[in-house]
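Observations on chain architecture
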Number of protein chains: 2
Amino acid sequence: MQDNINNKTVQHPHNHQGCMQHALQAAEQICGAKGMRLTAIRKRILELICASHKAIGAYELLDLFKLEDPKAKPVTIYRALDFLMEAGLAHKIESLNAFIGCLQAETPHKSAILICDNCKNAYEIDATAVYESLFTLSDSMQFKPQCLTLELHGLCVSCS
Amino acid sequence: MQDNINNKTVQHPHNHQGCMQHALQAAEQICGAKGMRLTAIRKRILELICASHKAIGAYELLDLFKLEDPKAKPVTIYRALDFLMEAGLAHKIESLNAFIGCLQAETPHKSAILICDNCKNAYEIDATAVYESLFTLSDSMQFKPQCLTLELHGLCVSCS
DNA sequence: GCTAAAGTGTAATATTATAACATTCCATTT
DNA sequence: AAATGGAATGTTATAATATTACACTTTAGC
Ligand SMILES: [Zn+2]
Ligand SMILES: [Zn+2]
Ligand SMILES: [Zn+2]
Ligand SMILES: [Zn+2]
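Here the structure is a predicted model, which means the values were calculated and not measured.

**Description of the relation of the copies chain B and chain A**
- Each copy superposes on the other: chain B lies on chain A with an RMSD of 0.0 Å after a rotation of 180° and an axial shift of 0.0 Å. On the angle and the small slide along the axis, the relation comes out as a two-fold axis. Scanning chain B for the C-alpha nearest the rotation axis identifies Leu150(B), at a separation of 2.4 Å.
- With an isologous cut-off of 70% or more, the 100% of interface residues of chain B that recur at the interface of chain A puts this contact in the isologous class.

Structure, rendered in structure tokens:
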């Protein structure tokens, strides 16, 4: 299963080049298919996000981006982030005000994010069963679900 | 079951005085029991939060608080919010940067927050089963859970 | 009353995010 | 190739959210 492959990969030391390449290739493919334009700026921001599995803040991204384009402004970053999230290529972690790249953007997925408060790595995992459980509950209250924020803080296996 | 009572209460027109009184009494009781000081400022902020079931932002609270204390500053609100959250009397909704009062602070609970994007009401519901489902998953990844953000946006029964 | 800790006042600042409008780029049509 | 219209970017300013630092006051325990 794709999710498990991804989950395993990020739980252990791994060849991170693979993660990056996968994310970038998926981005090209998805944007091509949807007629969305993965411009140089957007691609570069995605690369910067995917450079590690740590969630990264918009202003951290700005600092990095400024190394190449010293005149860059916050709105450039936020516009790229909006695009990437719209395309499903990145996710915002609300409890951190920070962003991660999506490792399974090519597949529709219902995910939770596990955030290690020690090493700061954030891993998206398949949480279909969790969604079903919650939707059953919300259905029973006649609540129509639209969008779920599901972020679990704790300690990853390497840090506990 | 307490949770169901609360869940029903907030899903329909209800005597909101009851919600407020319950929250305030629980606050007194909890703080008394734990040796925490529910000072005038903190109590007032809690009242302002509990005035409705809509999530309220820190600066909205500040505006309201200023009606009584025009010199009040943001830090006063944030300090009160920190205290109330520490005491379990209020919760932050990360996806809104806003706050709600807890209606079952006297009981340990594993809750999700249902947020209606139309009327803006936010209801805390018991989600023990959802937690179990997620913890099973995180256990399988040897992740030690500490703190869960579980916020479901959508439309409540009155708004759909 | 003395003391230490907690709470509050006050000012400044940090961090996160958006609005408004001008300009440029780029695919499509002519 | 030129015109055109929409998307993307540049530029400036500002809004919205949150914290730090330090002085002063209140409170509870001794
Ligand atoms: Zn990797
Ligand atoms: Zn870790
Ligand atoms: Zn009520
Ligand atoms: Zn609660």
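Picking up after the structure, the text goes on.
**Quick notes on the coordination of the zinc ion (ligand 2)**
All names here are of chain A.
- Coordination sphere of the zinc ion (ligand 2), protein contribution only: Cys 116 (SG), Cys 119 (SG), Cys 156 (SG) and Cys 159 (SG), at 2.1 to 2.5 Å.
- Around the zinc ion (ligand 2) sit four donor atoms; with metal-centred angles ranging over 97 to 126°, the donor geometry is tetrahedral.
- Mapped onto the polypeptide sequence, the residues donating to the zinc ion (ligand 2) form the spacing pattern C-x2-C-x36-C-x2-C.
- Accessibility expressed as a relative area gives 1% for Cys 116, which makes it buried.
- Overall, Cys 119 belongs to the buried group, its relative accessible area being 18%.

**Some words on the interface of chain B and chain A**
- Tallying the contact residues gives 36 residues for chain B and 36 residues for chain A.
- Taken over both partners, the interface formed by chain B and chain A buries close to 3100 Å², and the fraction arising from carbon and sulfur atoms is 69%.
- Ranking the residues of chain B by area buried against chain A places Met141(B), Phe143(B) and Leu152(B) at the top, with a combined share of 22%.
- Across the chain B-chain A interface, the total number found is zero salt bridges.
- In terms of residue count, strand β5 (residues 144-155) of chain B provides more of the side of chain B that touches chain A than any other element does, twelve residues in total.

**Some remarks on helix α5 (residues 74-86) of chain A**
Residues and elements named next belong to chain A.
- Here α5 spans 18 Å end to end across 13 residues, near enough to the 18 Å set by a 1.5 Å rise per residue.
- If you check which residues of α5 are buried, you get Thr 76, Ile 77, Ala 80, Leu 81, Phe 83 and Leu 84. The buried residues of α5 all sit within an arc of 160° when viewed along its axis, so they share a single face. Of the residues in α5, the exposed ones pointing more than 90 degrees away from the buried face are Arg 79 and Glu 86.
- Each element contacted by the buried residues of α5 is listed here: α2 (16-34), α3 (40-50), α4 (58-66), β1 (90-93) and β2 (98-101).
- Following α5 by one or two positions, Gly 88 adopts a phi angle in the positive range, close to 75°.

**Considering the side chain of Glu124(B)**
Residue and element names in this part refer to chain B.
- In this structure, Glu 124 sits in strand β4 (residues 122-126).
- It turns out Glu 124 is buried and unbridged, and the closest side chain with the opposite charge, Lys 34, is 13 Å from it.
- Looking at Glu 124, its side chain comes within polar contact range of the side chain of His 91, at 2.9 Å.
- At a separation of 2.9 Å, a polar atom in the side chain of Glu 124 contacts the side chain of His 109.

**Observations concerning the confidence of the model for chain A**
- Confidence in the prediction of chain A, expressed as mean pLDDT, is 93, and 93% of residues score 70 or more.
- Counting interchain partners and residues more than four positions distant, the pLDDT-below-50 stretch residues 1-6 of chain A has four contacts.

**A closer look at the pairing of strand β3 (residues 111-116) of chain A**
All names here are of chain A.
- In terms of burial, β3 is largely enclosed, as six of its six residues are buried.
- Burial of the side chains of β3 extends over both faces: Ser 111, Ile 113 and Ile 115 are buried on one face and Ala 112, Leu 114 and Cys 116 on the other.
- Counting the residues between successive antiparallel strands, the hairpin from β3 to strand β4 (residues 122-126) contains five residues, one of them, Lys 120, with a positive phi of roughly 75°.
- As paired elements, β3 and strand β5 (residues 144-155) share four bridges and run parallel to each other. Counted as the bridge partner of Ile 113 is Glu 151 from β5.

Rules used in this analysis
- Residues numbered from 1 in each chain as written.
- Chains lettered and ligands numbered in written order.
- Predicted model: local features only at pLDDT ≥ 70, side-chain atom pairs only at ≥ 80, totals over all residues.
- Heavy atoms only, no water.
- Least-squares fit on C-alpha atoms with pLDDT ≥ 70 in both.
- Contact = heavy atoms within 4.5 Å.
- Donors = N, O, S within 2.8 Å, 3.2 Å for Na, K, Ca; no water.
- Tetrahedral: all angles 85-135°; square planar, octahedral: opposite > 155°, others 65-115°.
- Buried < 20%, exposed > 50% of the residue type's maximum accessible area, 1.4 Å probe, protein only.
- Buried area = accessible area lost by both parts, 1.4 Å probe.
- Salt bridge = Lys/Arg side-chain N within 4 Å of Asp/Glu carboxyl O.
- Helix = DSSP H or I, 4+ residues; strand = E, 2+ residues; numbered from the N terminus.
- Expected span 1.5 Å × (residues − 1).
- Arc of directions from axis to C-beta.
- Lys, Arg positive; Asp, Glu negative; His and termini not counted.
- Polar contact = N/O pair within 3.5 Å; in protein donor to acceptor, adjacent residues only side chain to side chain.
- pLDDT = per-residue confidence, 0-100.
- Pairing = 2+ DSSP bridges.

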